[in-house]
Amino acid sequence: MKKIAIVTGASSGMGRAFIFQLAEKYPKLEEIWAVARRAEPMEQLQKEIKNVKIRLFPLDLKEEESFGKISKALQEEKPWAGVLVNGAGIGISGNFNEISEKEMTGMMDVNCRALTRMTYLVLPYMRKGGQIYQFASAAAFSPQPGFAVYAASKAYVLSFSMALRQELKEQGIRVTAVCPGPVKTEFLKKAYGNQKISGYKRLVMADCDRVVSCAVKDAKKGKAVSVYGMTMKLTRWICRIFPEELIVRFFQS
Ligand SMILES: NC(=O)c1ccc[n+]([C@@H]2O[C@H](COP(=O)([O-])OP(=O)(O)OC[C@H]3O[C@@H](n4cnc5c(N)ncnc54)[C@H](OP(=O)(O)O)[C@@H]3O)[C@@H](O)[C@H]2O)c1
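Everything quoted here is computed from the prediction, not taken from an experiment.

Novice: Break down helix H9 (residues 230–241) for me, with residues and values.
Specialist: Given a rise of 1.5 Å per residue, twelve residues ought to cover 16 Å, and the 17 Å separating the end C-alpha atoms of H9 matches this to within 8%. Buried within H9 are the following residues: Met-232, Thr-235 and Cys-239. For H9, the angular spread of the buried residues around the axis is 50°, confining them to a single face. Exposed side of H9, more than 90 degrees from the buried face: Met-230, Trp-237 and Arg-240 are the residues found there. In this fold, the buried residues of H9 make contact with helix H7 (199–204) and helix H10 (244–252).

Next comes the structure, spelled out in structure tokens:
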């Protein structure tokens, strides 16, 4: 049985970084299935990574037929899925009534629906020792005016991951929710467009490879939630102890 990892969001940012780190840190993997819409950056991965075969799935996770294609590949290959990384995600900032309906549903489709669907499809092929990385965000720690749907979608991911982790404990499959603050990837450009990124965000901006290294280390330690950096750890702690209404007001200011 072929041992594989499946990574969504493989064409850029943390998904891409994950593929490099999986190829290096999980030597028993025989194939990594890379899922994203853009084929070209994933073909580049194939050129750069020599020790593991990268199989490309250039698919749009908003489209129903994409899940059919992944399901078919799983049924045909019947692999042993050692690792699943649900990295695909989008964020569009702006007040709720300022973003388009398409942007709003797109965030929910990719961040919540696709992540849940991928987990459901891949889980039957996982066994003891398997690891699921779910990309949530520090935005999951509190509601965020100006980023309401995105933060809510990530709160869904965090809640889903924590519950699933408990359910899968007996099977020996681990789930880690990855909750970084701002990370230097294409994401921020897509999320904020031409808007200026706040000084605070620029100050705490993390390096993509470091966030992924931290997630792999945390997962190996068996952590339920991986939070990179002291500032975000502190943010999580503050969001847990102060009243939510106060925190929401802070995020609006
Ligand atoms: N960067 C941050 O500040 C930050 C902070 C906290 C959490 N996160 C979360 O971390 C995860 C990775 O983000 P990133 O920073 O690495 O962003 P990124 O560089 O923009 O990567 C996002 C990935 O998702 C894929 N994707 C988006 N829409 C898709 C769709 N409809 N179908 C298939 N794939 C799709 C993109 O590929 P294609 O465009 O090729 O489809 C890309 O590979 C996301 O879940 C994000 O919400 C990011």
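Novice: An account of helix H3 (residues 64–77) is needed here, citing residue identities and associated values.
Specialist: Between the first and last C-alpha of H3 there are 21 Å, a value that for 14 residues agrees with the 20 Å anticipated at 1.5 Å per step. For H3, every residue scored as buried is listed here: Ser-66, Phe-67, Ile-70, Ser-71, Ala-73 and Leu-74. The buried residues of H3 all sit within an arc of 160° when viewed along its axis, so they share a single face. For H3, the exposed residues lying more than 90 degrees away from the buried face are Glu-65 and Glu-76. Packed against the buried residues of H3 are strand S1 (3–8), strand S2 (31–36), strand S3 (53–58) and helix H4 (101–122).

Novice: Tell me what's going on with the packing of aromatic side chains, and back it up with residues and numbers.
Specialist: In the structure shown here, the tally under the stated rule is eight aromatic pairs. Each ring, one from Tyr-150 and one from Phe-187, has its centre 5.3 Å from the other, and the planes form 50°; the classification is tilted. Of this pair, Tyr-150 sits in helix H5 (residues 148–168) while Phe-187 sits in helix H6 (residues 186–192), placing them 37 residues apart in sequence. With centroids separated by 6.0 Å and ring planes inclined at 15°, the aromatic side chains of Tyr-156 and Phe-160 adopt a geometry described as stacked. Note that Tyr-156 and Phe-160 are positioned in helix H5 at a spacing of four residues, about one turn of the helix. The structure contains a cluster of three or more aromatic residues connected by ring pairs, namely Phe-147, Tyr-150, Phe-187 and Tyr-192. Positioned above the aromatic ring of Tyr-26 is the side chain of Lys-220, whose terminal nitrogen or guanidinium carbon lies 4.8 Å from the ring centre.

Novice: Can you break down the sheet that holds S2 residue by residue, with the values?
Specialist: Ordered by their spatial adjacency, seven strands build an open sheet running S3-S2-S1-S4-S5-S6-S7, and the pairing between neighbours is parallel. A strand with exactly one partner marks an edge of an open sheet, and here the two such strands are S3 and strand S7 (225–226). Both strand S6 (residues 174–178) and S7 contribute to a ladder of two bridges, which runs parallel. Residue pairing in the sheet places Ala-177 in a bridge with Val-225 of S7.

Novice: Any chance you could break down the side chain of Thr-176 for me, citing the residues and the numbers?
Specialist: Inspection of the secondary structure puts Thr-176 in strand S6. Among the polar contacts made by the side chain of Thr-176, one reaches the side chain of Gln-131 at a distance of 3.0 Å. Residues in contact with Thr-176, not counting those within four places in the same chain, are Gln-131, Ile-132, Tyr-133, Gln-134, Ala-219, Lys-223, Ala-224, Val-225 and Ser-226.

The rules behind the values
- Residues numbered from 1 in each chain as written.
- Predicted model: local features only at pLDDT ≥ 70, side-chain atom pairs only at ≥ 80, totals over all residues.
- Heavy atoms only, no water.
- Helix = DSSP H or I, 4+ residues; strand = E, 2+ residues; numbered from the N terminus.
- Expected span 1.5 Å × (residues − 1).
- Buried < 20%, exposed > 50% of the residue type's maximum accessible area, 1.4 Å probe, protein only.
- Arc of directions from axis to C-beta.
- Contact = heavy atoms within 4.5 Å.
- Phe/Tyr/Trp six-rings, centres within 6.5 Å; stacked < 30°, edge-to-face > 60°.
- Lys NZ or Arg CZ within 6 Å of the ring centre and 35° of its normal.
- Pairing = 2+ DSSP bridges.
- Polar contact = N/O pair within 3.5 Å; in protein donor to acceptor, adjacent residues only side chain to side chain.

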